[in-house]
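Remarks on the overall topology
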Amino acid sequence: MNTTNNKKNRTDRTFYAAVADMTNENAESVTLNSITFKRCLTTTATTFDTIGSFLKAWAGQGLNDTNTVHTLFFPNLVEVADTLLAYFIEHGIKYDNQIGLEFYELRFYVNDYRFEIKDFRKVFDGDVNAMRETFKLTGSDIDVFCKAVEEYFVAGKYVRFTNASQALYEFKQIMKQQGYAFDSYFPQLADDIDSLCREVDKSGWNYVVPKYVDKDIKGEINVFDINSMYAFIQKSAVLPYGKPVEINTTWPKSPLESQVSFVSFECEFELKDGFFPFAKTVNSMYSDGHLTYETKGRSTFCMTWTEYQLFLKSYDVVDFVFLKQVTFAGARGLFDTYVNKYYAEKQEASTPFSRQHAKAMLVSLYGKFGAKTRLTNRDPRIDENTGRVVYEKGRDTFVKAIYAPMTAAIASIARTYIVSVALMHRDNFVYSDTDAVHLTTKNVKFEVDSKKLGAFDLEVTGTRFKYIRQKCYAIEKTDGSLHVKVAGMTDAVKKQVTFDNFKVGQKFDGLKKMIGRRGGMSIVTTTFEIKAIDDFDY
């Protein structure tokens, strides 16, 4: 595979943006057309009709400016990646073959100079209209992208190319300014400890009470959403730091209040009456079949002590086998400065994009601590029969772990918290979606405040509701409008939904979807079908 290193030093970066028309529904093959290309610091844009003319023009500019790395942003790189790679392969252009399962960067080389193509949406969470309103622009999408790049990269607000990487960078800078060494608080852990912590379920709790599934119910429904749940846990919970101590006992041992403990065990279990299932035998956010009511034979789990205690309260447990327990020192306040900064920005945001950016930074940091250490790469090639770019499993790349117990602890404590809130309102509880509870009453046992971190915001009040499955429900609000949430359903499709047609098997026109074509990908208009839980492709 074609790879190389950047052999000539670059001292700075020059930023560009490009958008491409990928709609080509009837063609058997696809090429990029109507590519609009613009250097961020100029006011002119140039349109190209082929990927070749586009790349030649861009590389030509880059070779005339050899002191900088040239970085290009596409609004959604996955839409154009196949076509770019096909061109690289066919024309013998050197490129980086470390391509992960999700595209967010491609690199290619001309005369040993590196050119970077990055995914704009991996960096900027927020739609184009929100950005346009933020920057008060009336021009094309590319003008909006260029303005965003100027505001964040050219101006130096961002020095990393994903939200998660930027979040970790800023947190490390905060620790440094406060006189703390990141590596001292969050050291490299032994492989067995790292692996143990990664076994903790890191997904949210999504659950519909069975008596409400696929029922059209006329009655009160209220959606309460926690204000920045993961940031709230980062501020309020005791979280781990340092290296752990293994507990050498024959039975799990209760940690001190200032400690965070992880327990690994096997058992059979059955859900008690009056409780809700939250233990999963398969790690999926959608399927109720994976939220286990009872097991036949032992299943293996790793939980924080907090979640383990809720597990014992919720399930009748038999044939219990204690495997391992490790306990970390814990502390509150590790993330206060970071959370305070971005929560204030979220509350004070004057535009949709700036608010979305602050929200993204609040949720990105905790997940970055648990970033994968084993990256599965894909080697692209052109299939001789179809002419399409196909991918074969390449070599795995291993990177240094950051601090997996942090991500595991925050996810586990947050899930325990939302399940506990549901149990406090079990007679009125209908549904949970990670950081929200849907209740048939406003008489609640938690604080309701639309602004306060960790309090609940009453987001939706309705008089009629239907929950087909997790991530698939409709609520008729008190003003008569319809609040629709369906995984994978676009806003254009949602406009067609009514209570009469909101049912399993219903199909709607107007879904934009990418499909493979000879030479790349194109966007086609197809149908969206509402599926039952057993048919849902999770």
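Everything that follows concerns the structure shown earlier in this document.
Conventions used here
Residues numbered from 1 in each chain as written. Predicted model: local features only at pLDDT ≥ 70, side-chain atom pairs only at ≥ 80, totals over all residues. Heavy atoms only, no water. Helix = DSSP H or I, 4+ residues; strand = E, 2+ residues; numbered from the N terminus. Rg over C-alpha atoms; globule rule 2.2 N^0.38 Å. Buried < 20%, exposed > 50% of the residue type's maximum accessible area, 1.4 Å probe, protein only. Contact = heavy atoms within 4.5 Å. Areas by Shrake-Rupley, 256 points an atom, 1.4 Å probe, with all protein chains shown as cover. Lys, Arg positive; Asp, Glu negative; His and termini not counted. Charge placed at Lys NZ, Arg CZ, Asp CG, Glu CD. Pairing = 2+ DSSP bridges. Expected span 1.5 Å × (residues − 1). Arc of directions from axis to C-beta. Disulfide = S-S within 2.5 Å. Axes fitted to C-alpha atoms, helices over the stretch in contact; angles between N-to-C directions. Nonpolar A, V, L, I, M, F, W, Y, C, P; charged D, E, K, R; others polar.

1. Points about the overall build of the chain
Looking only at helices and strands, one finds 14 helices and 22 strands in the chain. Relative to its length of 538 residues, the chain is compact, with a C-alpha radius of gyration of 25 Å against a globular reference of 24 Å. Principal-axis analysis of the C-alpha atoms gives the chain an extent of 70 × 60 × 50 Å. Here the chain holds 538 residues, and the buried ones make up 50% of them. The contacts in the chain between residues at least 6 apart in sequence include a share of 70% that link residues at least 24 apart. For the chain, the exposed surface amounts to about 25000 Å²; the carbon and sulfur share of it is 45%. Taken as two groups, the 69 positive and 68 negative side-chain charges of the chain have centres that lie 3 Å from each other.

2. With respect to helix H10 (residues 305-314)
Looking at H10, one finds that the buried residues are Trp 305, Glu 307, Tyr 308, Leu 310, Phe 311 and Ser 314. On the buried face of H10, the contacting elements are strand E11 (259-271), strand E12 (299-304), strand E13 (315-331) and helix H13 (404-424).

3. Observations concerning the pairing of strand E14 (residues 374-382)
Here E14 runs beside strand E15 (residues 389-398); their pairing, made up of eight bridges, is antiparallel. For Thr 376, the partnering residue across the bridge sits in E15 and is Asp 396. Hairpin connection between E14 and E15: a loop of six residues separates the two successive antiparallel strands, and Gly 387 in this loop has a positive phi of roughly 75°.

4. Observations concerning helix H11 (residues 336-348)
Here H11 is 13 residues long and its end C-alpha atoms lie 18 Å apart, about the 18 Å a rise of 1.5 Å per residue gives. Of the residues making up H11, those classed as buried are Tyr 338, Val 339, Tyr 342, Tyr 343 and Lys 346. For H11, the arc enclosing every buried residue in end-on projection is 110°, short of the 170-degree limit, so these residues lie on one face. Against helix H6 (163-177), helix H9 (229-236) and helix H12 (352-368) lie the buried residues of H11.

5. Here's the deal with the state of the cysteines
Tallied over the entire structure, the rule returns zero disulfides. For Cys 302, which is in no disulfide, the shortest distance to another cysteine sulfur is to Cys 197 and amounts to 6.5 Å. For Cys 302, a relative accessible area of 5% corresponds to the buried category.

6. What to know about the packing of helix H4 (residues 128-135) against H12
Orientation of H4 relative to H12, taken along the N-to-C sense of each, is 115°, at an axis distance of 7 Å. Along its contact with H4, which presents Ala 130, Met 131, Glu 133, Thr 134 and Phe 135, the element H12 presents Pro 352, Phe 353 and Ser 354. The residue inventory of the contact of H4 with H12, partitioned by class, reads five nonpolar, two polar and one charged.

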